[in-house]
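Coordinate analysis (summary)
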Amino acid sequence: MSESQTKFLVTDNVPEGFIAGFEELGFIVDHIQKPTNDELYEMAGAYTGIVVNTSLILTKKLIDKAILLKYILRPGSGLDNVDVNHAEQKGIKIFNSPEANADAVAEHVIGMIFSLLDFIPRASEQVKQLQWIREPNNGTLFKGKTIGIIGYGNTGTALAKKLSGFGVHILVYDKYKTGFGNNLIKEADMPEIFENADLISLHIPLTDETEYLVDDEFIDHFKKTFYLINTSRGKNVKSDSLIRGLQSGKLLGVALDVIENENIKSYSLKEKGQLQELMVSGNIIITPHIAGWTKESREQIFMVVLEKFKNYFLNNIAT
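A short tour of the structure in this document, coming up. (Residues numbered from 1 in each chain as written. Predicted model: local features only at pLDDT ≥ 70, side-chain atom pairs only at ≥ 80, totals over all residues. Heavy atoms only, no water.)

**Quick look at the pattern of salt bridges**
Pairing of side chains with opposite charge becomes possible as their charged atoms draw close. Per the stated rule, a full pass over the model turns up 14 salt bridges. Across the pair Asp12 and Lys34 runs a salt bridge, and its minimum N-O distance is 3.6 Å. Residue Asp12 is found in the loop between strand E1 (7-10) and helix H1 (18-24), and its partner Lys34 is found in the loop between strand E2 (28-31) and helix H2 (37-43); the two are separated by 22 residues along the sequence. Taking relative accessible area as the criterion, Asp12 reaches 6% and is therefore assigned buried. On the accessibility criterion, Lys34 (57% relative accessible area) is exposed. Two residues, Lys162 and Asp103, come together in a salt bridge whose shortest N-O distance is 3.3 Å. Of this pair, Lys162 sits in helix H7 (residues 154-163) while Asp103 sits in helix H5 (residues 102-117), placing them 59 residues apart in sequence. One salt-bridge network, held together by shared partners, links Lys60, Asp64 and Lys90. (Salt bridge = Lys/Arg side-chain N within 4 Å of Asp/Glu carboxyl O. Helix = DSSP H or I, 4+ residues; strand = E, 2+ residues; numbered from the N terminus. Buried < 20%, exposed > 50% of the residue type's maximum accessible area, 1.4 Å probe, protein only.)

Structural data, given as structure tokens:
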């Protein structure tokens, strides 16, 4: 193989040992941190493998430009930034590591739950302003509540396990899985969740089917007022619907680790106004896509995807 046919492009800040893992397999590695999508497009034709995060979009056009490309590695879970169908049609192997940060996401969700129920961010900010306000900040007991988990993949499963010790009722819906109920969780359909849930946590990919799953109609289906938590993808939820739900009181609180457009510097006046309106609409918490981004999980997502690639390469390619 020529030099260009054995080159990998790594586009993120990576843990120690990650690049060495490719070099041990005989690849030449170019480590170019955080290129723009335009810069990646210009470089793509030189590489047999590319490691990308969510800030880079591997479109059909870019994949076609990458004439040597055989491998795409996406440390982490979602693949909505990759044209998976087109890549697979071209025989390109795709590797990701959704299991590596599942515990981190689940822990973040639990932190969000108690922050919403007990008004922790608001109360803390008030004390910082020398305000000692107890009564309006009296919280809601989590024990005895019913939580609906939508999506029972890696993160949904991890969350259900961690919630099992809190004395709550756990309903889980997954359109593509059945037979997973046990003594700790109940497999449910959406009508049962609409009827009973006090809290909802989304653990779903972004697809044509799940884009803007949470809209006005979805929110209106719930019998009770409820709390919503989204650590999946921003476009699983319509921000305007959250604003209306919070303002009407149907949503008691919302915690988001993801929003529709996470490139805040690119916001139009309309987008800025929408985010500002959301932030003042009620009991709302937004974190900057860090649910799966602990010190430990950050290393794991890279090393797990590397290990998957190494196993594939050694078992199928290397002689």
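**A word on the side chain of His86**
Along the chain, His86 falls in helix H4 (residues 84-89). Setting aside residues no more than four positions away along its own chain, His86 makes contact with Lys60, Ile63 and Asp64. (Contact = heavy atoms within 4.5 Å.)

**Some details on the environment of Gln247**
Here Gln247 is to be found in helix H10 (residues 239-248). Residues Gln247 and Ser281 lie 34 residues apart in sequence; the distance between their C-alpha atoms is 5.8 Å. Within the structure, the side chain of Gln247 is placed 3.4 Å from the side chain of Glu277, a separation counted as a polar contact. (Polar contact = N/O pair within 3.5 Å; in protein donor to acceptor, adjacent residues only side chain to side chain.)

**A word on the nonpolar core**
Ranked by size, the top nonpolar core spans 28 residues in total, and within it Ile113, Leu163 and Ile170 carry the most contacts. Listing elements by their share of this core, those giving two or more residues are H5, strand E6 (146-150), H7, strand E7 (169-173) and strand E10 (226-230). Among the elements that make up this core, the one with the highest residue count is H5 (nine residues). Of all hydrophobic cores here, the second largest spans 27 residues; its members include Ala188, Ile204, Phe222 and Leu246. (Core = buried A, V, L, I, M, F, W, Y, C linked by side-chain atoms within 4.5 Å.)

**Things to note about the sheet that holds strand E8 (residues 186-187)**
Judged by pairing direction, the sheet is parallel, and its seven strands sit side by side in the order E8-E7-E6-E9-E10-E11-E12 without closing on themselves. Strand pairing shows two members of the sheet lacking a second neighbour, E8 and strand E12 (284-286), which therefore form its edges. With five bridges connecting them, E10 and strand E11 (residues 251-256) associate as parallel partners. Its bridge partner lying in E11, Asn230 is registered against Leu256. On the sheet, H5 packs against E6, strand E9 (199-202), E10, E11 and E12 and is oriented at approximately 145° with respect to E10. In the packing of H7 onto the sheet, contacts are made with E6, E7 and E9, and the angle to E6 comes to roughly 160°. (Pairing = 2+ DSSP bridges. Axes fitted to C-alpha atoms, helices over the stretch in contact; angles between N-to-C directions.)

**Re the packing of H10 against helix H11 (residues 269-279)**
Remark: H10 packs on H11, axes separated minimally by 9 Å, with the N-to-C direction vectors making an angle of 30°. Comparing their axes, H11 and H10 come out roughly parallel. Relative to H11, the crossing made by H10 is left-handed. Taking contact as the criterion, the partners of Ser239, Asp240, Leu242, Ile243, Leu246 and Gln247 in H10 are, on H11, Gln274, Glu277 and Leu278. Taken together, the residues of the contact of H10 with H11 break down into four nonpolar, three polar and two charged. (Parallel < 35°, antiparallel > 145°, perpendicular 65-115°, else oblique. Left-handed = near helix turned anticlockwise from the far one by under 90°. Nonpolar A, V, L, I, M, F, W, Y, C, P; charged D, E, K, R; others polar.)

**Structural notes on the packing of aromatic side chains**
Tallied over the entire structure, the rule returns 22 aromatic pairs. Centroid distance Phe22 to Phe309: 5.7 Å. Interplanar angle 40°. Geometry classified as tilted. Placement of Phe22 in helix H1 and of Phe309 in helix H12 (residues 295-316) is noted, with a sequence separation of 287 residues between them. Each member of the pair, Phe22 as well as Phe309, is classed as buried. A connected cluster of aromatic rings, assembled from ring pairs, spans Phe8, Phe18, Phe22, Phe27, Tyr71, Phe95, Phe302, Phe309, Tyr312 and Phe313. Above the face of the Tyr41 ring, Lys61 is positioned so that its terminal group lies 5.2 Å from the ring centre. In this structure, Arg122 is placed above the aromatic ring of Phe119, and the distance from its NZ or CZ to the ring centre is 4.2 Å. (Phe/Tyr/Trp six-rings, centres within 6.5 Å; stacked < 30°, edge-to-face > 60°. Lys NZ or Arg CZ within 6 Å of the ring centre and 35° of its normal.)

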